[in-house]
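Overview (structure and organization)
Each chain is listed here by its residues.
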Amino acid sequence: MKASTPSVSSYFSLVKFSHTVFALPFALIGFFLAVKMSRAHFSWALFAEVLLCMVFARSAAMAFNRYIDRRFDAANPRTAVREIPAGVISSQQAALFTLFNCLAFVTVTAFINPVCFALSPVALLVILGYSYTKRFTALCHVVLGIGLSLAPIGAFLAVTGRFHLLPLLYSFTVLFWVSGFDMIYAMQDEAFDKSQKLHSIPVAFGKQGTLLLSILFHLLSAGLVVWAGLYAGFGLFYWIGTGIFIGLLIYQHLLVKPNDLSRVNMAFMNTNGLASIAFSVFVLIELLLAAPGGIPGF
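These notes cover the structure that comes with them. It should be emphasised that the depicted structure is a prediction, and the values quoted were computed from it without experimental measurement.

Turning next to the environment of Ile-68. With respect to the secondary-structure elements, Ile-68 resides in helix H3 (residues 44-68). Residues Ile-68 and Ser-91 lie 23 residues apart in sequence; the distance between their C-alpha atoms is 9.0 Å. Excluding residues that lie within four positions of it along the chain, Ile-68 makes contacts with Ser-131, Tyr-132 and Arg-135.

Before going further, it helps to spend a moment on the nonpolar core. Counting residues in hydrophobic clusters, the biggest one holds 76 residues, and the most contacted among them are Leu-33, Leu-166, Tyr-170, Trp-177, Phe-279 and Ile-295. In terms of residue count, the dominant contributor to this core is helix H8 (residues 165-186) (twelve residues). Apart from residues no more than four positions distant in its own chain, Leu-166 is found in contact with Leu-33, Met-37, Ala-228, Tyr-231, Ala-232 and Ile-295. Counting nine residues, the second-largest nonpolar core is a separate cluster that includes Tyr-11, Val-15, Ala-63 and Ile-89.

According to the stated counting rule, one finds six salt bridges in the structure shown. Between Asp-73 and Arg-82 there is a salt bridge, and its shortest N-O distance comes to 3.1 Å. Across the pair, exposure class does not vary: Asp-73 and Arg-82 are buried alike. Taken together, the shared-partner salt bridges in this structure form one network comprising Glu-190, Lys-194 and Lys-207.

The rules we used
- Residues numbered from 1 in each chain as written.
- Predicted model: local features only at pLDDT ≥ 70, side-chain atom pairs only at ≥ 80, totals over all residues.
- Heavy atoms only, no water.
- Helix = DSSP H or I, 4+ residues; strand = E, 2+ residues; numbered from the N terminus.
- Contact = heavy atoms within 4.5 Å.
- Core = buried A, V, L, I, M, F, W, Y, C linked by side-chain atoms within 4.5 Å.
- Buried < 20%, exposed > 50% of the residue type's maximum accessible area, 1.4 Å probe, protein only.
- Salt bridge = Lys/Arg side-chain N within 4 Å of Asp/Glu carboxyl O.

Taken by themselves, the reported measurements are silent on function.
Encoded structure:
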């Protein structure tokens, strides 16, 4: 089916723009943490550049994933309604959209600093390479987690041009958090993935094993959030945010059972989106109130 010129909303749907709520709040944490720790002046221009990098990188990754997986999406009843198999966006249009976002991402990093520009191809390699991993490894969920984990450390580097333990702790938080909930989401496609000889944690370990491994990953994520708070010496607002974040991690595991996947989408989108937003709001309040020298800096 030949696609007509897609609308802007069709491209938003292609890249699941609403899912930005997973990584973007942690990018904001990384950015404002860097401003606070380095005592840098807040720059609207730099802030806009970081946001653009997030949008371009994520759009490239999602569009490429839809392009690469178009044959599988068409064969899977759950995903056959997606834009490419449904004929809303052609595969060529998706490929061009991916290329545009990749070039835009690299271009914006060149305006930020030399470190971000030099690391931009590495970031693209990770976030685009994820789309191939399901073809040969069950650790595809971890690769997705690594891709989203670049948000806090990337935003921190944009301000400072240097690495630091604290944003890295948030990056590992995102890695285990995202990997854990993506395993749960993938349980919906266990039978289809087996039929197509695709790899995933549900295919490798079954539903019960997947839920247990997801719990382990989320325990690690919770532990890293606590470690970061203790390391930085954060106060009340941080721990309120941490309590909400961990509480919502626990809640999503109460929603999904091996023999009942009816609430997977609620656990995936609503619970995790709320966890990310609530945590970031309280962390940003904590950073706003923290004394300039109150966080271990440079």
